[in-house]
Amino acid sequence: QVQLQESGPGLVKPSQTLSVTCTVSGASITTDFYYWTWIRQPPGKGLEWMGAITFSGSTYYSPSLKSRTSISRDTSKNQFTLQLSSVTPEDTAVYTCARCDGGTHYYNFATKDCGSWGQGTQVTVSS
């Protein structure tokens, strides 16, 4: 059974870089045709697909966030990390990692295409 667990700072100051890590157990992030994905949900709004890193290490980002987003991985720890730079209060959200079907991007994202989810971690941007 695949399990994903996010870990993050909880509180980030405006203009700083937000960093959230997803630790995966029960599956390797380097095998099978999956996209290891970051999704966020601001308060009162819907889910937003942010980006993904594939089993081969390729990365894809939402166009609206691409200039500020970076996703990397540590295969020795079976982890992948989201970094979002120059944050503002509008980046306050629950950040969740998920294992999604290969080919799931911002333009065709649907929750049914992501079979395993972390519990999410709240990140608040405030001074």
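For the structure itself, consult the block above.
Residues numbered from 1 in each chain as written. Predicted model: local features only at pLDDT ≥ 70, side-chain atom pairs only at ≥ 80, totals over all residues. Heavy atoms only, no water.

Chemist: Provide a residue-level description of the nonpolar core, including the pertinent values.
Modeler: With 24 residues, the main nonpolar core has L4, L18, V24, W38, F80 and Y95 as its most contacted residues. Within the residue set of this core, elements represented by two or more residues are β3 (18-25), β4 (34-41), β5 (48-54), β8 (79-84), β9 (93-101) and β11 (121-125). Per-element tally for this core: the top contributor is β3, with 4 residues. In terms of nonpolar packing, the next biggest core, distinct from the first, is built from 8 residues, I39, A98, F109 and C114 among them. (Core = buried A, V, L, I, M, F, W, Y, C linked by side-chain atoms within 4.5 Å. Buried < 20%, exposed > 50% of the residue type's maximum accessible area, 1.4 Å probe, protein only. Helix = DSSP H or I, 4+ residues; strand = E, 2+ residues; numbered from the N terminus.)

Chemist: Report on the state of the cysteines, specifying residues and quantitative values.
Modeler: Under the counting rule described, the total for this entry stands at 2 disulfides. With its sulfur 2.1 Å from that of its partner, C22 forms a disulfide with C97. Around the S-S axis, the bridge from C22 to C97 shows a dihedral of about 65 degrees and counts as right-handed. You can see C22 sitting in strand β3 and its partner C97 sitting in strand β9, a full 75 residues away along the chain. The exposure classification of C22 matches that of C97, with both residues buried. Sulfur-sulfur distance for the disulfide between C100 and C114 comes to 2.1 Å. With the S-S bond torsion at 95 degrees, the cross-link from C100 to C114 turns out right-handed. In this pair, C100 sits in strand β9 while C114 sits in strand β10 (residues 114-117), placing the two residues 14 residues apart along the sequence. Of the two residues examined, C100 and C114, each falls in the buried class. Cysteine pairing for the protein chain (bonded cysteines numbered in sequence order): 1-2, 3-4. (Disulfide = S-S within 2.5 Å.)

Chemist: Which residues make up the pattern of salt bridges, and what are the values?
Modeler: For the coordinates displayed, the defined rule picks out 4 salt bridges. Between R40 and D91 there is a salt bridge, with its nearest N and O atoms 2.8 Å apart. Placement of R40 in strand β4 and of D91 in the loop between β8 and β9 is noted, with a sequence separation of 51 residues between them. Assessed through its relative accessible area of 6%, R40 is described here as buried. Classification of D91 by relative accessible area gives buried; the value is 3%. A salt bridge links D113 to K112; its shortest N-O distance comes to 3.2 Å. For D113, a relative accessible area of 16% puts it in the buried group. By relative accessible area, K112 is classed as exposed at 70%. By sharing partners, the salt bridges in this structure join R40, E48, R68 and D91 into a single network. (Salt bridge = Lys/Arg side-chain N within 4 Å of Asp/Glu carboxyl O.)

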